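Residue-level listing of the chains:
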Amino acid sequence: MRQTKKPSESGSGPGGVELTVAITGASGAVFGRWLLRALEADERVERVHFVASENSLRVIAEELGVSGRSGLVEKLVGAKPKKIIQHADADIGAGIASGSHPSSGMIVLPCSMGTLAAIANGLANSLIARAADVTLKERRPLVLCVRETPLNRIHLRNMTLAAEAGATIFPVIPAFYNKPLDSDEMARQFVCRVLAHVGLAQAGAYVWGED
Ligand SMILES: Cc1cc2nc3c(=O)[nH]c(=O)nc-3n(C[C@H](O)[C@H](O)[C@H](O)COP(=O)(O)O)c2cc1C
C-alpha cells in the first residue's frame, strides 16, 4: 500500500499510511476486530479512519458480545486506540468522503451483500459507500472482504461490477493449511493475507513452505 503524500507534497496529511476501515453487517466481526488490532500495532500506519455501519452493531453484539457504538474501538481493540478515529456512517461530511483527503486506500471487512450492492452501484448514500466510491474514483486500493453463502446472481453481478470498477473482491474464506486452533487465529491469519495484499506484510504471518 502506497503511503499518503507528505505534507510538503499535498499540503496536508501525514507521511505514513492512512487508510479507511469499515465493518458492515455481515457475519465475521472477529475478522474486523483483528484488522483493527493489526493496524493499531503497525508502526507504518499513521492513521485509521474507522466506520461501523448501523447494522454491523447488531452482528458485533451477537458474535463478540460487544454492544453499542460508544467506546466501540476500545472494546474491539482491547486498549485505548492511539491512531484509530471512529466516524458515524451517517457523517457524509467526514474527511474520507472527499477525494481531497489523503488516503492510502480502504478495506471493508466483513462486507455485507447490502454494502457491496451500494458500492457496486455507486449509491454513495452512507459514509462507507461514499468513501468507497471516492476510493474507486481516485484509483486507490479498495478491498471488499465479502461474506455470504450461497451467492445469488445479484451478489455475483455486484462483485463483477465492483471488480470492474477497480475493487479487489477478497472473500472471507480463511485458510486451513496453517491448522488454526481457534477462530481468533483463523481471523488473524486471514487479516495477514489482506494486509499483505495491500503492501503491509505482517510479522507472524503464516507462509506456506517456509517451515
Ligand atoms: C447475525 C447476522 C449475520 C448476518 N450475516 C450476514 C452475512 O454473512 N452476509 C450478509 O450479506 N448479510 C448478513 N446479515 C444481514 C445484514 O446485516 C443486513 O443485510 C444489513 O442490512 C446489512 O447492512 P450494512 O451493509 O449497512 O451493514 C446478517 C445479519 C445478522 C443479524
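All values reported here derive from a predicted model rather than from experimental measurement.

1. Focus on the site of the ligand
Taken together, the neighbourhood of the ligand is formed by T24, G25, A26, S27, S53, N55, V59, S112, M113, T115, R147 and E148. Between the ligand and the protein, one listed contact pairs an oxygen atom with a backbone N or O atom of G25 at 2.6 Å. For the ligand, whose accessible area on its own is 640 Å², the fraction buried by protein is 65%. Across the shell around the ligand, the residue classes tally to 3 nonpolar, 7 polar and 2 charged.

2. A look at the pattern of salt bridges
As enumerated under the stated definition, the model contains 7 salt bridges in all. In this structure, R130 engages D133 in a salt bridge whose closest nitrogen and oxygen atoms are separated by 3.9 Å. With R130 and D133 both in helix α6 (residues 127–137) and 3 residues apart, this pair spans about one turn of that helix. Classification of D133 by relative accessible area gives partly exposed; the value is 23%.

3. Quick notes on the packing of helix α2 (residues 29–41) against helix α8 (residues 183–197)
Relative orientation and spacing of two packed helices are given, respectively, by the angle between their axes and the distance between those axes. Viewed as axis vectors pointing N to C, α2 and α8 meet at an angle of 60°, and their least axial separation amounts to 9 Å. Comparing the axis directions of α2 and α8 gives the class oblique. For the crossing formed where α2 meets α8, the hand is right-handed. For the pair α2 and α8, the contacting residues are V30, F31, W34, L35, A38 and L39 in the first and D184, M186, A187, R188, F190, V191 and L195 in the second. The residue makeup of the contact of α2 with α8, split by class, is 11 nonpolar, no polar and 2 charged.

4. Let's talk about the packing of aromatic side chains
For the coordinates displayed, the defined rule picks out 4 aromatic pairs. With centroids separated by 5.3 Å and ring planes inclined at 90°, the aromatic side chains of F31 and F190 adopt a geometry described as edge-to-face. On the criterion of sequence distance, the pair formed by F31 in helix α2 and F190 in helix α8 is long-range, its members being 159 residues apart. Residue F31 shares its accessibility class with F190, and that shared class is buried. For the ring pair F170 and F190, a centre distance of 5.6 Å and an interplane angle of 90° mean the geometry is edge-to-face. Here F170 is found in the loop between β6 (168–169) and α8, whereas its partner F190 is found in helix α8, with 20 residues between them in sequence. The same class applies to F170 as to F190, namely buried. Here the aromatic cluster, defined as three or more aromatic residues joined through ring pairs, consists of F31, F170 and F190. Here the guanidinium or amino end of R37 rests over the ring plane of W34, the centre of that ring lying 4.8 Å away.

5. Regarding the packing of α2 against helix α3 (residues 54–64)
Closest axis-to-axis distance for the α2/α3 pair is 9 Å, and the angle between their directions is 95°. With respect to each other, α2 and α3 are oriented roughly perpendicular. On the side of α2, the interface is formed by A29, V30 and R33, while α3 contributes I60, E63 and L64. Here the residues of the contact of α2 with α3 sort into 4 nonpolar, no polar and 2 charged.

Definitions and cut-offs
Residues numbered from 1 in each chain as written. Predicted model: local features only at pLDDT ≥ 70, side-chain atom pairs only at ≥ 80, totals over all residues. Heavy atoms only, no water. Near = heavy atom within 4 Å. Polar contact = N/O pair within 3.5 Å; in protein donor to acceptor, adjacent residues only side chain to side chain. Areas by Shrake-Rupley, 256 points an atom, 1.4 Å probe, with all protein chains shown as cover. Nonpolar A, V, L, I, M, F, W, Y, C, P; charged D, E, K, R; others polar. Salt bridge = Lys/Arg side-chain N within 4 Å of Asp/Glu carboxyl O. Helix = DSSP H or I, 4+ residues; strand = E, 2+ residues; numbered from the N terminus. Buried < 20%, exposed > 50% of the residue type's maximum accessible area, 1.4 Å probe, protein only. Axes fitted to C-alpha atoms, helices over the stretch in contact; angles between N-to-C directions. Parallel < 35°, antiparallel > 145°, perpendicular 65-115°, else oblique. Left-handed = near helix turned anticlockwise from the far one by under 90°. Contact = heavy atoms within 4.5 Å. Phe/Tyr/Trp six-rings, centres within 6.5 Å; stacked < 30°, edge-to-face > 60°. Lys NZ or Arg CZ within 6 Å of the ring centre and 35° of its normal.

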